[in-house]
Amino acid sequence: MKRLFNTIDEWKIIQDKIEFEENRLAESIMSIGNGYMGMRGNYEEYYSKDSHRGSYIGGVWYPDKTRVGWWKNGYPNYFGKVPNSVNFIGIDVYINGKILDLGKAEVKDFYRELDMKNGTLTRKFIANIDGYEIEAKVTRFLSIVAKELGVIKYEIKSLNFDGEIMFCPYLDSNVKNEDSNYDETFWVNVSTDSKNNYGNVVAKTKDNPFNTEVFTIASVMNIRFNKETKLNTYSNREYYSDNTLIFDIKESETVAIEKYIAITTTRDYEENKLVEKAEYILNKEINKGYETVLQEQIKAWNKRWETSDIKIDGDDLAQQGIRYNLFQLFSTYYGDDSRLNIGPKGFTGEKYGGATYWDTEAYCLPVYLGTTSKEVSKNLLLYRYNQLEKAKENAQKLGLEGALYPMVTFNGEECHNEWEITFEEIHRNGSIIYAIYNYTNYTGDYEYIKEYGIDVIVEVARFWASRVHLNKRKGLYMIHGVTGPNEYDNNVNNNWYTNYLAKWCLEYAAENIFKLEKECIESVNRNNVSKEEVKMWLNIADKMYLPYDEELDIIVQHDDFLDKEFIKVNDLPKNNLPLNQNWSWDKILRSCFIKQADVLQGIYYFNDKFTFKEKKRNFEFYESYTVHESSLSPSIYSIIACEIDNLDKAYELYSRTARLDLDNYNNDTEDGLHITSMSGAWLSIIQGFAGMRTNNQTLSFNPKLPNKWNSYSFNINYRENKLKIEVNKDGINITNLEGNDIEVNVYDKKYIVKNNEYIAYRYVALS
Ligand code: BGC
């Protein structure tokens with residue numbers, strides 16, 4: 001654990017000293033995004049020390065040719081990645097002809113804040129360059145009102161001299177991915193142009209041999225300023241366009257420029273209209289004036305918070321953590337575009353290539369169900385529905401039937417090439433179906449299944465039916481050669497979680513077919529499902545092998561898991577952790593250590609199928625061997641810890657999930673934030689501490705209050721209702737803010753909460 005920023009504010013992330021050693025970590029933490037695009041917390045001006053400059057545009061990706069030691073049949077030909085895109089924040093600054101470079105200048109009073117309430121990033125500092133002292137203030141935001149728009153205001157005050165300030169705002173498309181497989185750039189120049197106070201750069205992703213879409217993006221900038229210029233000129237060359245503005249400055253005077261940028265892409269417009277569209281957006285926004293554009297941004301973020309904020313009283317670290325998680329998650333995706341998804345690092349880094357993983361369905365979906373309109377979650381499901389044909393091709397490539405959704409994808413094709421993950425981590429297919437169940441169960445929108453969902457459910461059932469084999473000796477179906485969610489154990493047989501999920505998928509498919517036979521036969525016929533096929537699914541489900549150990553009375557992670565040498569995580573010398581940075585991969589694979597929730601992931605999904613005692617036994621056994629080296633892990637353990645009344649453990653794991661990046665728990669945040677697991681903090685509070693469940697179409701709560709907290713409260717959308725839940729030391733209040741009277745179970749007792757009224761449940765606080 002390494003907390004970089006020690007000043008804790010409930011709505012802000014505050015950096016109060018300049019960071020050299022850990023600059024990449026600071027850049028990750030100070031990332032901003034607006035769902036359409038996003039960037040790391042780089043400085044606008046030139047910086048000579050270590051930095052990872054990165055800006056990324058949602059849905060713009062490039063198929064980087066696969067790099068692999070020994071080729072295996074079935075490997076995808078490319079690894080898709082979101083290319084580092086045009087550097088549009090760049091503004092070089094010269095003070096009396098000397099470049100301002102925080103890597104070299106004498107810097108005082110450095111202060112940077114990410115204002116999560118208002119969606120802005122602001123930096124202030126005093127710098128001394130060869131005796132000339134200036135005070136700077138730089139504000140930047142990516143608009144959530146006009147998605148193509150980025151705005152920067154750069155102000156400089158002279159503290160001790162009369163002289164000259166030169167600003168060189170620019171656009172630069174000659175940028176590279178640090179993780180490019182063959183050290184290539186992914187962009188080719190299309191055109192550039194510049195005029196006074198104006199510049200544009202148009203670039204397109206290189207042609208590729210895999211026939212995936214080529215994207216063109218246009219970036220256009222307009223510059224505004226508050227004072228007459230001494231010189232105002234411009235230039236451009238391949239990939240690059242800039243302006244040069246020189247101002248006279250007197251001691252104590254401030255000069256400021258505003259840089260407005262619009263980014264348009266061929267995802268939305270014809271290539272020959274890109275510049276025109278971007279100019280149109282800029283004109284419209286600039287005419288409003290900086291203050292209005294900023295106020296609109298603030299208002300829009302405040303509105304998001306009205307429905308999604310979680311208030312925690314008594315624990316500033318926890319409070320800041322949950323807001324940071326929601327801020328970064330919503331900066332990555334807010335559901336406006338069903339072609340987009342949520343990359344594990346969002347717009348904050350290059351690891352995981354910005355592609356879609358099972359994380360979305362397993363972790364993020366419930367957050368959007370609870371905090372946004374149902375269309376947002378539906379868009380996430382439609383994303384997979386639209387890729388069904390590719391998922392079928394993917395199964396075929398492996399010699400299987402039905403549909404296998406990829407582990408890593410942009411367009412439905414697999415683009416990851418480690419056999420133990422690509423071919424074997426097939427549990428992901430179950431989460432796609434679980435998400436359909438989750439969505440329909442939560443929203444009551446069964447129409448989705450009739451129209452779209454059943455096609456996916458059927459093809460995934462077909463996949464499982466072809467992936468199992470019958471062990472004739474035992475008369476049971478088995479699934480060999482898989483990797484469960486715990487990636488620290490590969491190529492195992494009968495991973496309990498995978499088998500359990502496959503069994504459930506088959507049963508769920510049959511259940512839906514029976515229902516649709518009565519309600520919408522067209523959707524059964526459309527998928528050519530016969531009675532024999534459904535019977536076969538149910539037979540496999542019925543005879544699915546689920547490893548269990550009678551003696552320990554626990555579920556067994558996979559066939560030979562219990563034959564390992566067992567050492568508890570607490571008994572490992574601390575300097576061995578994180579294992580993935582200290583042990584060889586071989587040693588990790590042979591060990592008993594678990595990267596992330598595996599058996600516990602199943603218990604979490606199907607929490608109403610396990611008793612308190614089963615949960616407790618399995619939690620206690622597996623938790624002691626779990627290193628949580630996937631950021632996705634602690635939230636799931638925290639939720640189960642709540643269920644078994646181990647509040648201290650639940651709190652510890654909540655902190656680990658909510659502050660994973662702010663406190664750099666896994667020592668890897670410099671690569672980018674763990675965006676998908678940001679949802680884990682929300683899950684830990686809502687499903688963990690507040691115990692919210694929606695099993696059997698009933699909303700229920702089983703709230704608990706961590707010892708450290710005085711109270712917490714949050715709003716939730718559930719079907720047509722908006723509810724406010726407050727938990728404090730005396731009890732629970734549930735207010736029906738919007739919608740008809742609603743039945744809610746609290747600690748297994750039924751209540752009707754009338755519109756605009758609240759129920760108060762007083763309880764004896766748990767220790
Ligand atoms: C985890 C996977 C996850 C991926 C992206 C890996 O470290 O083990 O479960 O899908 O990260 O977040």
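Residues numbered from 1 in each chain as written. Predicted model: local features only at pLDDT ≥ 70, side-chain atom pairs only at ≥ 80, totals over all residues. Heavy atoms only, no water.

Draft legend 1. Highlighting the overall build of the protein chain. Helix and strand content of the protein chain: 20 helices and 31 strands. For 767 residues, the compact-globule estimate of 2.2 N^0.38 gives 27 Å, and the C-alpha radius of gyration of the protein chain, at 27 Å, lies within 12% of that figure. Here the C-alpha coordinates of the protein chain stretch approximately 90 × 65 × 55 Å along the principal axes. Here the protein chain holds 767 residues, and 63% of them are scored as buried. At a minimum sequence separation of 6, the contacts of the protein chain that also span at least 24 residues come to 68%. Of the roughly 28,900 Å² of accessible surface on the protein chain, 44% is carried by carbon and sulfur atoms. (Helix = DSSP H or I, 4+ residues; strand = E, 2+ residues; numbered from the N terminus. Rg over C-alpha atoms; globule rule 2.2 N^0.38 Å. Buried < 20%, exposed > 50% of the residue type's maximum accessible area, 1.4 Å probe, protein only. Contact = heavy atoms within 4.5 Å. Areas by Shrake-Rupley, 256 points an atom, 1.4 Å probe, with all protein chains shown as cover.)

Draft legend 2. Representation of the UniProt feature "domain: Glycoside hydrolase family 65 N-terminal" (unreviewed entry) in the protein chain within the structure. Sequence positions flagged by UniProt for "domain: Glycoside hydrolase family 65 N-terminal" (unreviewed entry) are, in local numbering, residues 16-267. This span, residues 16-267, is 3% helix and 52% strand, and a straight line between its end C-alpha atoms measures 40 Å. (UniProt positions renumbered as here; feature names shortened; annotations may be inferred.)

Draft legend 3. The arrangement of the layout of surface pockets in detail. Approximately 990 Å³ is the volume found for the largest pocket. Broken down by secondary-structure element, the contributors of at least two residues to the lining of the largest pocket are strand S6 (78-81), helix H8 (419-422) and helix H14 (579-582). Residues of the lining of the largest pocket, tallied by class, amount to 12 nonpolar, 16 polar and 17 charged. (1 Å grid on protein atoms, 1.4 Å probe; cavity = no way out; pocket = protein on both sides within 12 Å on 5 of 7 lines; lining within 4 Å. Points joined across faces, edges and corners; volume = space filled by probe spheres on them. Nonpolar A, V, L, I, M, F, W, Y, C, P; charged D, E, K, R; others polar.)

Draft legend 4. A look at the site of the ligand. Neighbouring the ligand are Pro344, Tyr352, Tyr357, Trp358, Asp359, Glu487, Lys595, Gln596, Ser630 and Leu632. Contact between the ligand and aspartate 359: an oxygen atom at 2.5 Å from a side-chain N or O atom of the residue. Within the side chain of glutamate 487, one N or O atom sits 2.9 Å away from an oxygen atom of the ligand. Computed on the free molecule, the ligand has an accessible area of 310 Å², of which 93% lies beneath the protein chains in the complex. Each residue belonging to the shell around the ligand can be placed in one class, and the counts come to five nonpolar, two polar and three charged. (Near = heavy atom within 4 Å. Polar contact = N/O pair within 3.5 Å; in protein donor to acceptor, adjacent residues only side chain to side chain.)

Draft legend 5. Spatial organisation of the nonpolar core. Membership of the largest hydrophobic core comes to 224 residues, with the highest contact counts inside it found for Ile134, Tyr154 and Phe167. Considering every element that reaches this core, the biggest residue donor is helix H11 (residues 496-519), with 13 residues. Tyr198, Ala278, Leu282 and Ile286 belong to the second largest nonpolar core, which has 16 residues in total. (Core = buried A, V, L, I, M, F, W, Y, C linked by side-chain atoms within 4.5 Å.)

Draft legend 6. Inspection of unusual backbone geometry at higher detail. Following leucine 577, the chain continues into proline 578 via a peptide bond in cis, with omega recorded as -5°. Here proline 578 lies in the loop between strand S24 (554-555) and H14. Although it is not a glycine, asparagine 528 adopts a positive phi angle of roughly 50°. Residue position: asparagine 528 is located in the loop between helix H12 (521-525) and helix H13 (531-542). Although it is not a glycine, aspartate 748 adopts a positive phi angle of roughly 65°. For aspartate 748, a relative accessible area of 76% puts it in the exposed group.

Draft legend 7. Up close: the UniProt feature "active site" (unreviewed entry) in the protein chain. In the numbering adopted here, UniProt assigns the feature "active site" (unreviewed entry) to Glu487. Judged by its relative accessible area of 15%, glutamate 487 is buried. Setting aside residues no more than four positions away along its own chain, glutamate 487 makes contact with Met407, Ile421, Glu425, Trp585, Leu589, Lys595 and Gln596.

Draft legend 8. Spatial organisation of empty space enclosed by the protein. Counted according to the given criterion, the structure contains six cavities of 30 Å³ or more. When its volume is computed, the largest cavity comes out at roughly 260 Å³. In terms of lining residues, the largest cavity is bounded by 17 residues, among which Tyr434, Asn438, Tyr604, Gln687 and Thr694 are the most central. By residue number, the principal contributor to the lining of the largest cavity is helix H9 (residues 428-443), which donates five residues. Here the lining of the largest cavity is built from residues that sort into 10 nonpolar, six polar and one charged.

Draft legend 9. Highlighting the environment of aspartate 559. Counting through the fold element by element, aspartate 559 comes out in the loop between S24 and H14. Assessed through its relative accessible area of 33%, aspartate 559 is described here as partly exposed. Along the chain, aspartate 559 and asparagine 493 lie 66 residues apart, while their C-alpha atoms are 5.7 Å from each other. Every residue in contact with aspartate 559, bar those within four places of it in the chain, is listed here: His480, Asn493, Asn494, Tyr545 and Pro547. Of note is the side chain of aspartate 559, whose polar atom sits 3.0 Å from the side chain of asparagine 494.

Draft legend 10. Local environment of the sheet that holds strand S31 (residues 758-762). With respect to topology, five strands assemble into an open sheet ordered S20-S26-S27-S28-S31, the strand pairing being antiparallel. This sheet does not close on itself; its edge strands, each paired only once, are strand S20 (310-313) and S31. Pairs of neighbouring strands in the sheet enclose a mean axial angle of 15°, with direction left out of account. Sheet topology places strand S28 (residues 731-738) next to S31; five bridges connect them, and they run antiparallel. When the sheet's bridge partners are listed, isoleucine 734 is paired in S31 with isoleucine 759. (Pairing = 2+ DSSP bridges. Axes fitted to C-alpha atoms, helices over the stretch in contact; angles between N-to-C directions.)

Draft legend 11. Region of interest: the sheet that holds strand S13 (residues 163-172). Spatial strand order, S8-S7-S13-S18-S17: five strands in an open sheet with antiparallel pairing. Two strands in the sheet have a free side with no partner beyond their single neighbour: strand S8 (98-99) and strand S17 (231-237). Strand direction decides the pairing type here: S13 and strand S18 (residues 240-249), joined by eight bridges, are antiparallel. When the sheet's bridge partners are listed, methionine 166 is paired in S18 with isoleucine 246.

Draft legend 12. Highlighting H9. Helix length check: H9 (16 residues) gives 23 Å between terminal C-alpha atoms against 22 Å at 1.5 Å per residue, within 8%. Taken from the residues just after H9, glycine 444 is the one with a positive phi, measuring 80°. (Expected span 1.5 Å × (residues − 1).)

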